[in-house]
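Analysis of the macromolecular model
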Amino acid sequence: MATIAIASDHAGVALKAELVAELSRLGQLPLDLGPADTTSVDYPDYAVKACTEVTAGRAALGILICGTGIGMSITANKVHGIRAALCHSELDARATRQHNDANVLCLGARTTGGALACEIMKAFLAGSFEGGRHAKRVEKITSLEAKR
Ligand code: RB5
């Protein structure tokens, strides 16, 4: 059981609710950082909220949803310590945990249906970093942050 920070923009509110319910069913602890309704908001504000929970160690992983997942992933990857992956399949989700040590999953509410999004989320939660040859590659990503 782990705390999972989850946030969206207005386009992702309905999918967020589905994923929050699924997280609870799975015995995880969803930390829903909003928004609570579909009033238009700016996705970077919500990306930063969830990413901050992850980098502060208050959440094990983060999940971000916008219309395409693209704005959320671009924003999340600007936050030091975050490796965010926009996933459209279970394979994407498993591979990004195993190879990239991703700590934030991004989903597109307008591109990915609820049932598939739940399966993608489950694959992401179940995955773990393989280390080995992937470790030095992730270290190279991390070293780029020091140069910014
Ligand atoms: C909002 O209309 C939309 O731009 C946003 O949800 C997202 O798709 C941005 O990447």
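In what follows, the structure referred to is the one given above.
Residues numbered from 1 in each chain as written. Predicted model: local features only at pLDDT ≥ 70, side-chain atom pairs only at ≥ 80, totals over all residues. Heavy atoms only, no water.

A separate point is the site of the ligand. Taken together, Asp 9, His 10, Ala 11, Tyr 43, Cys 66, Gly 67, Thr 68, Gly 71 and Arg 110 make up the full set of residues near the ligand. Within the contact set of the ligand, an oxygen atom lies 2.6 Å away from a side-chain nitrogen or oxygen of Asp 9. One of the backbone nitrogen or oxygen atoms of Thr 68 is found 3.0 Å away from an oxygen atom of the ligand. Starting from 290 Å² of accessible surface for the ligand in isolation, the protein chains cover 71%. Among the residues making up the shell around the ligand, the classes are represented as 3 nonpolar, 4 polar and 2 charged. (Near = heavy atom within 4 Å. Polar contact = N/O pair within 3.5 Å; in protein donor to acceptor, adjacent residues only side chain to side chain. Areas by Shrake-Rupley, 256 points an atom, 1.4 Å probe, with all protein chains shown as cover. Nonpolar A, V, L, I, M, F, W, Y, C, P; charged D, E, K, R; others polar.)

A few words now on the packing of aromatic side chains. Taken as a whole and assessed by the stated rule, the structure comprises 0 aromatic pairs. Here the guanidinium or amino end of Lys 49 rests over the ring plane of Tyr 46, the centre of that ring lying 5.2 Å away. The ring of Phe 124 carries the charged tip of Arg 97 above its face, separated from the ring centre by 5.4 Å. (Phe/Tyr/Trp six-rings, centres within 6.5 Å; stacked < 30°, edge-to-face > 60°. Lys NZ or Arg CZ within 6 Å of the ring centre and 35° of its normal.)

Right, let's get into the sheet that holds strand β5 (residues 104-108). Ordered in space as β2-β1-β3-β5-β4, the 5 strands form an open sheet in which the pairing is parallel. Both outer strands of the open sheet, β2 (29-32) and β4 (84-86), are each paired with one neighbouring strand and no more. Recorded for the sheet is a direction-independent mean angle of 25° between the axes of neighbouring strands. Packed onto the sheet, helix α2 (residues 43-55) meets β1 (3-8), β2, β3 (61-66) and β5 and runs at close to 170° relative to β3. (Pairing = 2+ DSSP bridges. Helix = DSSP H or I, 4+ residues; strand = E, 2+ residues; numbered from the N terminus. Axes fitted to C-alpha atoms, helices over the stretch in contact; angles between N-to-C directions. Contact = heavy atoms within 4.5 Å.)

Now for the pairing of β2. Each regular strand carries side chains that alternate between the two faces of the sheet. For β1 and β2, the ladder comprises 4 bridges, and the chain directions are parallel. Within β2, the position partnered with Ile 6 by the bridge is Asp 32. The parallel pair β1 and β2 is bridged by helix α1 (residues 13-25), and the resulting crossover is right-handed. (Right-handed = clockwise from strand over helix to strand, strands pointing away.)

Examined against the element boundaries, Ser 73 turns out to sit in helix α3 (residues 70-76). Once you skip the residues sitting within four places of it in the chain, Ser 73 turns out to touch Ala 84, Leu 86 and Cys 106.

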